[in-house]
Amino acid sequence: MWQGGPPPDCTMLLKPSQPSVSIRGGRRFPSFPIGAWLLVISAGAALALSAQRLQEQGPVTDEQVEVEEATLVKPVPLSDEHRDWLESVSGFISRAEREFFLAIQQDYRRDAFIAEFWDVRDPDPTTRLNELYVRWKEYVAEAAIYFGFNDGRAVAFILNGPPGRFRLADGREVGRCYSRSKELEIWFYGASERTEESFPIIFLKRGSRRPYSAWLPGENFHAVQRSGGLPSTNIRELCADELLPVALAFIRRDNGYDLLLDEVLSPPEPPLEWLSTFAGDTTDVPRGAETFAADLELDYPGRNQNRTALQAVIAVSRSEAVARDFDGELRHHFVVVGEVVRDGSLFETFRYRYELAVAEEVDLIPLVFTRYLRSGPVSLNLRVEDVYGGRFARLSEEVDIPTAEGLASIRRRPDSGVFKLLAEAAEAAARGERTLRLVPPEEGSIQVGMTRFETRAVGDFDQVTFFLNEKPILTKRRPPYSVELNLGTIPATHQLRAVGFEAGSEVAMDELRINQGGQRFRVHITEPRGDLSYEQSVTTVVQVDTPDQLPIERLEIFLDEERVATLYQPPFVQSLLLPGPQLAYVRAVAYLEDGSSTEDVQFINAPDYMEEIEVQYVELHTLVVDHAGRPILDLEESSFRAFEDGQEQTIRRFEYVRNLPIHAGLLLDTSASMKESLGTVSDAALSFTRAAIEEKDRICVISFASQPEIAVRFTNQTTEVERALAGLEARGSTALYDSLVYALTYFDGVRGQKALLLLSDGKDEASSFTFEQAVEVARRSGVIVYAIGLREAFKEKANRKVLQRISRETGGEAYFLGSLEELPEVYATIQKELRSRYLLTYQSTSSKDPSEFRGVRVEVDVKGAEARSMSGYYP
């Protein structure tokens, strides 16, 4: 038994020559260098993480692998490296995953499986590190050495860390003990990396040559009974009479002990759907599936920055394909899965979906895709599925991707067939040789005053013109292509565009959103171009901006109203065959995993007289309260009137939206003065998150002291918020205005109802922005600000006015608390208000310049009632 102090080390389990003890994270346990870990793995260290799994699976033996491989499709022997990996994860891998791994045919796919195996087990994908993998890699060798191969004690060591900090009734702490005969060992945990609960684990050695395994309640306890009552000369090493009863008493007292033990000894298992997803990305044809013939033609139409454009055409005979009738229209449906293998490793995978109308005048169905690849030899593997026919084709070709210098001599573009039809589309790829990229400023920085923006240019241009908010401001005829802008004193959002011209035609373009907070979800079609005419084909090139650079779930390409292709990964480039030189349009629709979408449209062969008309709709999220500040619900549209700059507007849409999706931000003061309050504030903020945030909502956490910092990006996962709040520390001074500007800017691009909950206990002390600048940003943001002032600092009238004005300008409210005990009630009030708003939408009739502020007012025809909404907006 251990009496206070840090938990003892495990040196009693080591040979004299083993490594010494080190301190990590406040815990003592044996150190082991990574190099030695690699040696252990290469030696084939087997590690089982639970007695149950050991009994079910056991270590991976040569005989087992041979038997299992013999039952699978075309067994391919495992390399030593892959065999060792399979042994090293014997306690982590499920039987289904194990069998799937053994059935994989290619080493590069096995490598990809291993990477995905750990990715899907990442306990917190929002962080850069996979904590489970890091812990496994750090502990596996130590466990293998200290406890032996396939020893059940490795479960606790790897998944829960070393034992310790279990407090007895008399106040003493205990960590680990074992009997003199070594048949019994007990590990005590006050908490672990898997749970906050206290628990013991009893390990038994059921035979001199058998490893330790965890004892489960209800199991034969003869060995435990025999080990009890042993004399003890060293209470730190032996299980004295008092410690075994302590463990048994805890187990008997806790009715859920068996479930708790299963939780702490069972590695996290991802849903096995990931195997289906991984299998869907393979180019192997399913066993027994029917096949059909297809041909592959390749072309290299140009360069894109430092990569070569590879244009592939899979030609399927119309007689080979199956069509399905949709309201009198016959359509084909194909899915193409591809792999690019370079130097024996999987370089990239890709997937395309094609939905094409049957064209009676052509004998071949072209499935076209474009990839940008570095020069050098690669293997291109393709699986083509005829969805309606249930048949497959597999194509494979060794390809030497040409360099820029060798492109001209290697490029081949046939004068007939599909490539002739794609000649116009290929010109767009060739234009990729000339690119402009505006260099964005450092993430999170706010740009005001004189600011220089640089570009990265590839290729030659006659001139580059810069546009700020759609107005031309500078033309440069030679590099470097840069521009210096006066962005004013107010941190506003601006749109900067750089356009490269050659012979009077636009050949390259890039856009940059200045002071964009990272939440913009936008697609922009850069090809085809409106100033050109097309007869047979076009290449659609789409730029995608997503919130916090999230990957998109899919991008759908429409020709007129027919969906023709679905892309699941960049580059978002798709060549399309046109029905002729008539008027048409291309539409691109991007989707995120949460179902949200955005789109862009580009007309093809449009006459000069066609103009795009932008309709300005204004959304007002309005709260109506009575004289006591209570929300008034269920009002009719006739009770509301909306005014812009004093002129009444026609309400086009009216809705009482109790469950409107919310994007909320918690802006929390973590300056040094908050040290005593931070725990209570974090608990209240977490309670608000749990109560207010539903699946369709998103919340972020931004802490601030002398500068702001994003603790959690927008999410609907309460556990992420909980983890971030638990990690907040109080230190530094208060930069209130800078942090408010930063937080409001972070909302840029978010649609719908937006709210920022600001909590602070003091006035601004360290900001570079002024109060008036912060107010102006709040007016432009469209974010409802709820301000909560704590303690003595806001007893001063001037300090209270700061929060009151910012809240009033945005349609929110300011609260000033005498004690922290009032905070949960305030959060509950805010939550209710966010779910009790009316949505009013009108089409603005203003003729003001877009750079001017437009004042907004909502009136409600209810006696004693007040309508709260934003005070105005900038278009």
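Computed from a predicted structure; not experimentally measured. (Residues numbered from 1 in each chain as written. Predicted model: local features only at pLDDT ≥ 70, side-chain atom pairs only at ≥ 80, totals over all residues. Heavy atoms only, no water.)

(A) The arrangement of the overall build of the chain in detail. Assigned secondary structure in the chain consists of 21 helices and 46 strands. For the chain, the residues scored as buried account for 52% of the 875 residues in total. In the chain, the proportion of contacts linking residues at least 24 apart, taken out of those at least 6 apart, comes to 69%. As presented, the chain carries roughly 40,500 Å² of accessible surface, and 48% of it is formed by carbon and sulfur atoms. (Helix = DSSP H or I, 4+ residues; strand = E, 2+ residues; numbered from the N terminus. Buried < 20%, exposed > 50% of the residue type's maximum accessible area, 1.4 Å probe, protein only. Contact = heavy atoms within 4.5 Å. Areas by Shrake-Rupley, 256 points an atom, 1.4 Å probe, with all protein chains shown as cover.)

(B) Here's a closer look at the packing of aromatic side chains. Within the structure shown, the criterion is met by 32 aromatic pairs. Ring centres of Phe100 and Phe113 lie 5.9 Å apart, and the angle between their planes is 20°; this geometry places the pair in the stacked category. Within this pair, whereas Phe100 is found in helix α5 (residues 95-103), its partner Phe113 is found in helix α6 (residues 107-119), the two being separated by 13 residues in sequence. Taken together, a centroid distance of 5.4 Å and an interplanar angle of 20° make the contact between Tyr352 and Phe369 stacked. Of this pair, Tyr352 sits in strand β14 (residues 345-357) while Phe369 sits in strand β15 (residues 364-373), and the two are 17 residues apart along the sequence. You'll find Tyr352 and Phe369 in the same group, each marked buried. Taken together, the ring pairs in this structure connect Trp85, Phe100, Phe101, Phe113, Phe117, Trp118, Tyr133, Trp274 and Phe278 into an aromatic cluster. When the ring centre of Phe278 is taken as origin, the NZ or CZ atom of Arg109, which lies over that ring, is 4.3 Å away. If you follow Arg121 out to its NZ or CZ, it ends over the ring of Phe117, 3.7 Å from the centre. (Phe/Tyr/Trp six-rings, centres within 6.5 Å; stacked < 30°, edge-to-face > 60°. Lys NZ or Arg CZ within 6 Å of the ring centre and 35° of its normal.)

(C) Fine view of unusual backbone geometry. Omega for the bond connecting Pro479 with Pro480 falls within 30 degrees of zero, at 5°, which places this linkage in the cis form. Take Pro480: it is sitting in the loop between β22 (471-476) and β23 (483-486). With an omega dihedral of 5°, the bond running from Glu527 to Pro528 counts as a cis peptide bond. Looking at the secondary structure, you find Pro528 in the loop between β26 (522-527) and β27 (537-545). Positive phi values are uncommon outside glycine, yet Asp343 reaches one of about 55°. A positive phi angle is found at Asp645, which is not glycine, with a value near 50°.

(D) Spatial organisation of the packing of helix α18 (residues 736-746) against helix α19 (residues 771-781). Interaxial distance between α18 and α19 falls to 9 Å at its minimum, and their mutual angle equals 15°. Here α19 runs roughly parallel to α18, going by the angle between their axes. Judged by the twist between their axes, the crossing of α18 over α19 is left-handed. Residue-level contacts link Tyr737, Leu740, Val741 and Leu744 of α18 to Phe771, Ala774, Val777, Ala778 and Ser781 of α19. Along the lines of polarity and charge, the residues of the contact of α18 with α19 split into eight nonpolar, one polar and no charged. (Axes fitted to C-alpha atoms, helices over the stretch in contact; angles between N-to-C directions. Parallel < 35°, antiparallel > 145°, perpendicular 65-115°, else oblique. Left-handed = near helix turned anticlockwise from the far one by under 90°. Nonpolar A, V, L, I, M, F, W, Y, C, P; charged D, E, K, R; others polar.)

(E) Main features of helix α4 (residues 80-88). Burial runs high along α4: seven of the nine residues are buried. Listed as buried for α4 are His82, Arg83, Asp84, Trp85, Leu86, Glu87 and Ser88.

(F) Up close: α19. Burial analysis of α19 places eight of its eleven residues in the buried class, which makes it a mostly covered element. Within α19 the residues assigned to the buried category are Phe771, Gln773, Ala774, Val775, Glu776, Val777, Ala778 and Ser781. Where α19 is buried, its residues contact α18, β40 (753-760) and α20 (797-810). Phi turns positive, to about 75°, at Gly782, one or two residues after α19.

(G) How the structure looks around the nonpolar core. Counting 59 residues, the largest nonpolar core has Trp85 and Ile202 as its most contacted members. If you tally residues by element for this core, the top one is helix α7 (residues 131-147), at seven residues. Counting residues in each nonpolar core, the second largest holds 51 residues, with Phe292, Leu382, Leu559 and Leu567 among its members. (Core = buried A, V, L, I, M, F, W, Y, C linked by side-chain atoms within 4.5 Å.)

(H) Quick peek at a negative patch on the surface. Taken together, Glu196, Glu197, Asp258, Asp262 and Glu263 make up a surface patch of like negative charges. With respect to the element layout, Glu197 can be found in the loop between β6 (184-189) and β7 (199-205). The exposure class of Glu197 is partly exposed, given its relative accessible area of 43%. (Patch = residues over 30% accessible without salt bridge, like charges linked within 9 Å, V, L, I, M, F, W, Y side chains within 5 Å. Salt bridge = Lys/Arg side-chain N within 4 Å of Asp/Glu carboxyl O. Lys, Arg positive; Asp, Glu negative; His and termini not counted. Charge placed at Lys NZ, Arg CZ, Asp CG, Glu CD.)

(I) Representation of the pairing of strand β32 (residues 597-604) within the structure. Along β32, the buried face is formed by Thr598, Asp600, Gln602 and Ile604; none of Ser597, Glu599, Val601 and Phe603, which line the opposite face, is buried. Relative to β32, strand β31 (residues 584-591) runs antiparallel, the two sharing eight bridges. Note on β32: the bridge partner recorded for Arg587 is Val601. Between β31 and β32, which pair antiparallel one after the other, the connecting turn spans five residues, and Gly595 there sits at a positive phi close to 95°. (Pairing = 2+ DSSP bridges.)

(J) Structural context of the packing of α19 against α20. At a closest axis distance of 9 Å, the pairing of α19 and α20 adopts a crossing angle of 20°. Taken together, the axes of α19 and α20 are roughly parallel relative to one another. For the crossing formed where α19 meets α20, the hand is right-handed. Mapping the contact onto sequence places Phe771, Glu772, Val775, Ala778 and Arg779 in α19 and Val802, Arg805, Ile806, Glu809 and Thr810 in α20. For the contact of α19 with α20, a count of residues per class yields five nonpolar, one polar and four charged.

(K) Summary view of the sheet that holds strand β45 (residues 866-868). Read from one edge to the other, the open sheet built from four strands follows the order β36-β43-β33-β45, with strand pairing classed as antiparallel. The open sheet is flanked by β36 (651-657) and β45, the only strands paired with a single partner. In this sheet, adjacent strand axes meet at a mean angle of 30° when their direction is disregarded. By the bridge criterion, six bridges tie β36 to strand β43 (residues 837-843) in an arrangement that is antiparallel. In the sheet register, Phe654 faces β43, and the bridge partner there is Leu840.

(L) Region of interest: the sheet that holds strand β10 (residues 295-304). Taken together, three strands build an open sheet; the order of strands is β10-β11-β15 and the sheet is antiparallel. The open sheet has two edge strands with one neighbour each: β10 and β15. Across this sheet, the average inter-strand angle for adjacent strands is 20°, counted without regard to direction. Pairing between strand β11 (residues 307-317) and β15: ten bridges, direction antiparallel. Bridging from a neighbouring strand, Val313 pairs with Val368 of β15.

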